[in-house]
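Structural characterization, general
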Amino acid sequence: MTVPVFEEYEPAIDCGCAGCAVRRRSAARALPVRRGGHPAAHGARRALVLATAAGVVLSCGAAGAAAAAGHAPRAPRADDGSDPATANPQGEKGPLRGTGASGPPSAGAAAPKTNRADIIARAKTWVAAKVPYSMEKYWSDGYRQDCSGYVSMAWNLGTNEWTGSLAAYGTRIARADLQPGDILLFHNPADPAKGSHVTIFGGWANSARTQYVAYEQARPRTRKQSTPLAYWNNSDRYVAYRYKGVTGGSPGSGSSTAFPGAKQFGPGANNKYVTQLGRMLVQRGGKRFYAVGPGPVWGTADKRATQAFQQAQGWKGKEADGLPGPHTWRLLTSGGGRNIAAAGAGGSPNTAVAFPGRGYFKPGQSNSHVDRLGKQLVKKGYGKHYVSGPDPRWTEADRRNVEAFQRAQGWRGGAADGYPGPETWRRLFA
C-alpha cells in the first residue's frame, strides 16, 4: 500500500476566499483512503481534513487578510456611519412598518417642519402608552421600539433611523443651548452595540443645569425622568443636536427669542417685552396674578407671576427675585421648565412651595417644613412608615418614607438616602 502523494495540492489555509475553501474540500474528499490501509495514509488524510476545517474557519474571520491577498469576491464596506459594517444595535435603517406606516411622510420625502411643542407632545404619547423596548418590533405608528426609533417618531422623520444616521437630520449645538425637543446623542462608530444611545431633551431639571428631564426609549419601556447631564454613563461623549426642521429658533440661539436684557424689566419699565413676558406667564399658569393685562407697564403682578414661575423651578433667593434673567426667559420662550402651581396646591395661595433647605430635615429638628413634608408624602402615597402623625418632629419614619419616594424615582445610593434635597422636594410638590 502506498502513501498518497500531495505534490499538486496547495492548502492555502491562510486564504478566506470561497475558491480556496472549495479546493481544500475537493482535495480532501478525493484522497484514496481504504480500511486497513497504511497508518500513515490515515494520518495524512486526517491532517488534511483538519487543515481544510481550519481553512473554513479562517474564511469566516479573515476577510481583511483575504482582501489583501486579492482573493476576496468583493471589498468590505467601510464603516462611514451611514452604512455600518458592524451590527446595528437599533435595528436597520429603513421605512416605517406596520399599520401606521401610511400616516407619516413616506420614506425619501423631505423631513417635515415641526415645532418644539409637537416634538414633546409626540414623545409623551409613547410615555403614556408605556411602549415596550424592542430592537425588532414596531409600534402601531410604524416606528421601531428602540431609542433611535423613538427619536425618529418624535422628530416625525417618516423613516426609522439609528444612532449612526440621526446626526444628519440635526445641527450640532452647545449643551448650554439645549431646548425641549433637541437630542443628546452618543454613537460609538467603533462598536455601535457598545453604549450607543440617544435621549430627547425635555428641559432643565435644576437651576445649576446638572440635571435635565430626559424622554427616552430604554428597557423595559419608554420613560421620562430626571437624568444627569448628559447621561448615566459615557456622559462626556454625548453630543447635542437640534433638528434642522424645527421652527421657532435658530441653531445655537439658546432661545426662541433672544433675552432682551435685564434693563427691560423692573420698576419704571414700559415696553413690548413686559407685555410678552406677561403673556407667557399667563400661558404657564400665572393668569391669577393679573387683574387686568398683561400690558407694557411693569407692575406688581409681573413680579409676582415671574417669582411664582421661578419658584416652580425649585429656585430660591436671588434666583427667584421676580425679575426675569436669561434662564427664566429661555424657559418661558421655549416652553421648558415647570408651570406655575395652581393656587392652593401647597404653600401660600400665590406661590409654589420652595425648598427650605436641607438643615430642616435631620434628627432633632422640629418645624413646619417637616410637617408639610410628611403630609405631602401621605398625599402622594408614601406614608406607610408613619405609626402616627406626621407631625413637626423629624423621625426615622419621615426618613424611611422619603427614601421610599426617592427609590420610586429610580434613584439609588446617596440619591436615595431618605433626606430630601431640592429635586426630591420639587417632585413631591409637583
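Residues numbered from 1 in each chain as written. Predicted model: local features only at pLDDT ≥ 70, side-chain atom pairs only at ≥ 80, totals over all residues. Heavy atoms only, no water.

An unreviewed UniProt entry annotates the protein chain as Peptidoglycan-binding protein of Streptomyces durocortorensis.

1. Some words on the side chain of Thr-328
Structurally, Thr-328 can be placed in helix α8 (residues 326-334). Looking at Thr-328, the relative accessible area reads 3%, which means it is buried. In this structure Thr-328 touches Thr-306, Phe-309, Gln-310 and Trp-315, once residues within four positions along its chain are discounted. (Helix = DSSP H or I, 4+ residues; strand = E, 2+ residues; numbered from the N terminus. Buried < 20%, exposed > 50% of the residue type's maximum accessible area, 1.4 Å probe, protein only. Contact = heavy atoms within 4.5 Å.)

2. Points about the packing of helix α6 (residues 272-286) against helix α7 (residues 300-312)
Running from amino to carboxyl end, α6 crosses α7 at an angle of 50 degrees, the nearest separation of the two axes being 10 Å. Regarding the angle of α6 to α7, the classification is oblique. Where α6 crosses over α7, the handedness of that crossing is left-handed. Of α7, the residues touching α6 (which contributes Val-274, Leu-277, Gly-278, Leu-281 and Arg-284) are Asp-302, Ala-305, Thr-306 and Phe-309. Of the residues in the contact of α6 with α7, the class split is five nonpolar, two polar and two charged. (Axes fitted to C-alpha atoms, helices over the stretch in contact; angles between N-to-C directions. Parallel < 35°, antiparallel > 145°, perpendicular 65-115°, else oblique. Left-handed = near helix turned anticlockwise from the far one by under 90°. Nonpolar A, V, L, I, M, F, W, Y, C, P; charged D, E, K, R; others polar.)

3. Focus: helix α9 (residues 368-380)
In this model, α9 (13 residues) spans 18 Å end to end at C-alpha, consistent with the 18 Å of a helix rising 1.5 Å per residue. What α9 keeps buried is the set His-369, Val-370, Asp-371, Leu-373, Gly-374, Gln-376 and Leu-377. Against α10 (396-408) and α11 (422-428) lie the buried residues of α9. A distance of 3.0 Å separates the backbone nitrogen of His-369 from a side-chain oxygen at the start of α9, and that oxygen is part of Asn-367. The first or second residue beyond α9 is Gly-381, which carries a positive phi of 95 degrees. (Expected span 1.5 Å × (residues − 1). Polar contact = N/O pair within 3.5 Å; in protein donor to acceptor, adjacent residues only side chain to side chain.)

4. Brief notes about unusual backbone geometry
Look at the link from Arg-219 to Pro-220: it is a cis peptide, with omega at 5 degrees. Summarising the element assignment, Pro-220 is placed in the loop between β7 (211-217) and β8 (222-228). In this model, Leu-229 is joined to Ala-230 through a cis peptide bond whose omega is 5 degrees. In this structure, Lys-130 is a non-glycine residue whose phi angle is positive, near 55 degrees. Its location among the elements puts Lys-130 in the loop between α4 (116-129) and α5 (147-154). What makes Lys-130 exposed here is its relative accessible area of 54%.

5. Overview of α10
The end-to-end C-alpha separation of α10 is 18 Å, in line with the 18 Å expected for 13 residues at 1.5 Å each. Every buried residue belonging to α10 is among Ala-397, Asp-398, Arg-399, Asn-401, Val-402, Glu-403, Phe-405 and Gln-406, and all of these are buried. Where α10 is buried, its residues touch α9 and α11.

6. Section: the sheet that holds strand β5 (residues 183-186)
The antiparallel open sheet is built from six strands, whose spatial order is β4-β9-β5-β6-β7-β8. With one partner strand each, in any of the chains shown, β4 (170-173) and β8 form the two edges of the open sheet. Each strand of the sheet is rotated relative to its neighbour by a mean of 40 degrees, with strand direction disregarded. Strands in contact with α4 are β6 (197-204), β7, β8 and β9 (239-243); relative to β7, the strand with the most contacts, it is inclined by about 60 degrees. (Pairing = 2+ DSSP bridges.)

7. Remarks on the packing of aromatic side chains
Any two aromatic rings considered together are summarised by their centre-to-centre distance and by the angle between their planes. In this structure the tally under the stated criterion is 17 aromatic pairs. Note on Phe-201 and Tyr-212: the rings are 5.6 Å apart at their centroids and 20 degrees apart in plane angle, and the pair reads as stacked. Taken as a pair, Phe-201 in strand β6 and Tyr-212 in strand β7 lie far apart in primary sequence, 11 residues in all. Each member of the pair, Phe-201 as well as Tyr-212, is classed as buried. Among the aromatic residues, those joined into a cluster by ring pairs are Phe-355, Phe-361, Trp-394, Tyr-419, Trp-425 and Phe-429. (Phe/Tyr/Trp six-rings, centres within 6.5 Å; stacked < 30°, edge-to-face > 60°.)

8. Topic: the packing of α9 against α10
Interaxial distance between α9 and α10 falls to 11 Å at its minimum, and their mutual angle equals 50 degrees. As the angle between them shows, α9 and α10 are arranged oblique. Between α9 and α10 lies a crossing of left-handed hand. Packed against α9, whose contacting residues are Val-370, Leu-373, Gly-374 and Leu-377, the element α10 presents Asp-398, Asn-401, Val-402 and Phe-405 at the interface. Taken together, the residues of the contact of α9 with α10 sort by class into five nonpolar, two polar and one charged.

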